[in-house]
Amino acid sequence: MPGRIHPAAPGLSIRSPRAFAVFYAVVVVVAALLFWRALPAVAAPPLFTLLVVWALMLASEANPIALPSGGYATASAVFDLPSLVILGPFWTAMLDVASTLLIQGALLRKPPVKVVFNLACFAITDFAAGYAFSAAGGRLGHATLEHDGLALLACGGVYFLANSALVSTVIGLTAGPNPWRIWQRNFQSALLHHLSFIALGSLVAVTYFGAGPWGLVLFAIPFLVARQAFRGTLEIRADLKDFVRALTEVLDEIDPYTRHHSMRVAEYSVRLARALKLPEADVEEIEYAALVHDLGKIGPQHQRIVQTPGGLSPEDQRVMRQHPASGAAIVSRVRALSRAAGYVRSHHEQPDGRGYPDGLLGADVPIGAHILKVSDAFDAMTSDRPYRRALSPATALSEIRRGAGTQFDGRVVECLLGLDCSGKFPLLPSPSREDLELLRVRPARARA
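Residues numbered from 1 in each chain as written. Predicted model: local features only at pLDDT ≥ 70, side-chain atom pairs only at ≥ 80, totals over all residues. Heavy atoms only, no water.

## Regarding the overall build of the chain
For the chain, the count of helices and strands is 21 helices and 3 strands. When each of the 448 residues of the chain is scored for burial, the buried share is 50%. Within the chain, contacts between residues separated by at least 24 positions form 73% of all contacts whose residues are at least 6 apart in sequence. Per element, the accessible surface of the chain, about 20000 Å² overall, is 63% carbon and sulfur. (Helix = DSSP H or I, 4+ residues; strand = E, 2+ residues; numbered from the N terminus. Buried < 20%, exposed > 50% of the residue type's maximum accessible area, 1.4 Å probe, protein only. Contact = heavy atoms within 4.5 Å. Areas by Shrake-Rupley, 256 points an atom, 1.4 Å probe, with all protein chains shown as cover.)

Structure, rendered in structure tokens:
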């Protein structure tokens, strides 16, 4: 676990207000009941140990790390886990409450609704992990790998599951998408990092009982290194998305229509991919590919062709059929985008094998490319082009339905029609032909 996780402040734009209110109330009430139930049985631990653990928690809390789908994380699991074994869940939760009030409430002045949720979230996580440790045979105030290894594993596992589930749920209810997809984006992709913090926290607990409170301080450097590595991993992911979006800005300088189109295709593709229940890692790759699927059209020969009204000459068709391979060649230079490059190359392939550039049959075309093709076609038909007005959504859907199984993948078409029938595939606004002409002629004025 990267530590305690701080959801973005709820209340600004709540996706499911009623469900959020119920969930928020339940979390706060459960946390209060856990404190009330534990209070009669607590005994004061050594003051020096309390101060050392609290100081380490404060140091971790003061430097949070942004998560991909909202919220922030710290690496305080490294010290929360040994604190649970040394001090017990009540005092660990109290220290978490004190550090949260000081850092988030007093220094950072976070909204009270967020601070209260974080207090309750940390308390539930600490109590759940502490009870798991005891239930697995662990002895509070004692820890050796030989006798308590299983209990430490149970403690760390429950800590991770409780914390990640609570935060994924609140982010899903406030900002979306659903909590399971939030969990995949925020936690699944960096699961090894989370497990490494649990392992390090277990070692800290064992070291404490051999070296005393100063044993906790010995782990300050490994803690800082591990936290920096985790931060670097998340920053690389964020930089990758920024890089992909920067490529769309390159398209914007060449052809404003292409960038607007790519952004809409990306949104449509994400909707379809999630409706098809693809893993969130695949959804992210498809989104990247959609943003740059027209990158191969940056050449002036392509710009001349897309601005030409009427039919294309055989030579123009040959040139246009090169753009998927050209775009894929550019994208594939970034190793982290290798799968997205495959989608870019194949987004004009067809189930009947009559697509381009490779003439693949349906079974050989990745599902991400099929999704891009449907999204690309839908947006192309429902937005203005320099040489024609947009078709209505109903007409575009009829054309796509007619091409199911030959031009378009049948599963994707069925998914699109199902989303439209249930009102979950609204048309995204697109610039009019006059807006696009203004962008082309006077881009600075139009953007202003």
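## Considerations on helix α8 (residues 191-211)
Taking 1.5 Å as the rise per residue, α8 with 21 residues should run 30 Å; its terminal C-alpha atoms sit 30 Å apart, in good agreement. Those residues of α8 lying buried are His194, Phe197, Ile198, Leu200, Gly201, Ser202, Val204, Ala205 and Tyr208. (Expected span 1.5 Å × (residues − 1).)

## Focus: the side chain of His347
Tracing the backbone through its elements, the reader meets His347 in the loop between α16 (338-346) and α17 (367-381). For His347, the side chain forms a polar contact with the main-chain oxygen of Val344, separated by 2.6 Å. Residues in contact with His347, not counting those within four places in the same chain, are His293, Asp294, His323, Pro324, Ala369, Leu372, Lys373 and Asp376. (Polar contact = N/O pair within 3.5 Å; in protein donor to acceptor, adjacent residues only side chain to side chain.)

## Brief notes about the packing of aromatic side chains
Across all of its chains, the model carries 14 aromatic pairs by this definition. Geometrically, the ring pair formed by Phe160 and Phe187 is edge-to-face, given 6.2 Å between the ring centres and 85° between the ring planes. Of the two residues, Phe160 is situated in helix α6 (residues 145-174) and Phe187 in the loop between α7 (179-186) and α8; the sequence distance between them amounts to 27 residues. By the burial criterion, Phe160 is buried, and Phe187 matches it. (Phe/Tyr/Trp six-rings, centres within 6.5 Å; stacked < 30°, edge-to-face > 60°.)

## Points about α7
α7 sits mainly inside the fold: 6 of its 8 residues count as buried. Taken together, the buried positions of α7 are Arg181, Ile182, Trp183, Gln184, Arg185 and Asn186. Looking at where α7 begins, the residue whose side-chain oxygen comes 3.1 Å from the main-chain nitrogen of Trp180 is Asn178.

## A closer look at the environment of Ala19
Checked against the element boundaries, Ala19 lands in helix α1 (residues 17-38). Spatially, the C-alpha atom of Ala19 lies 9.6 Å from that of Val170, the residues being 151 residues apart in sequence.

From the geometry alone we can't say anything about function, so treat these as descriptive.
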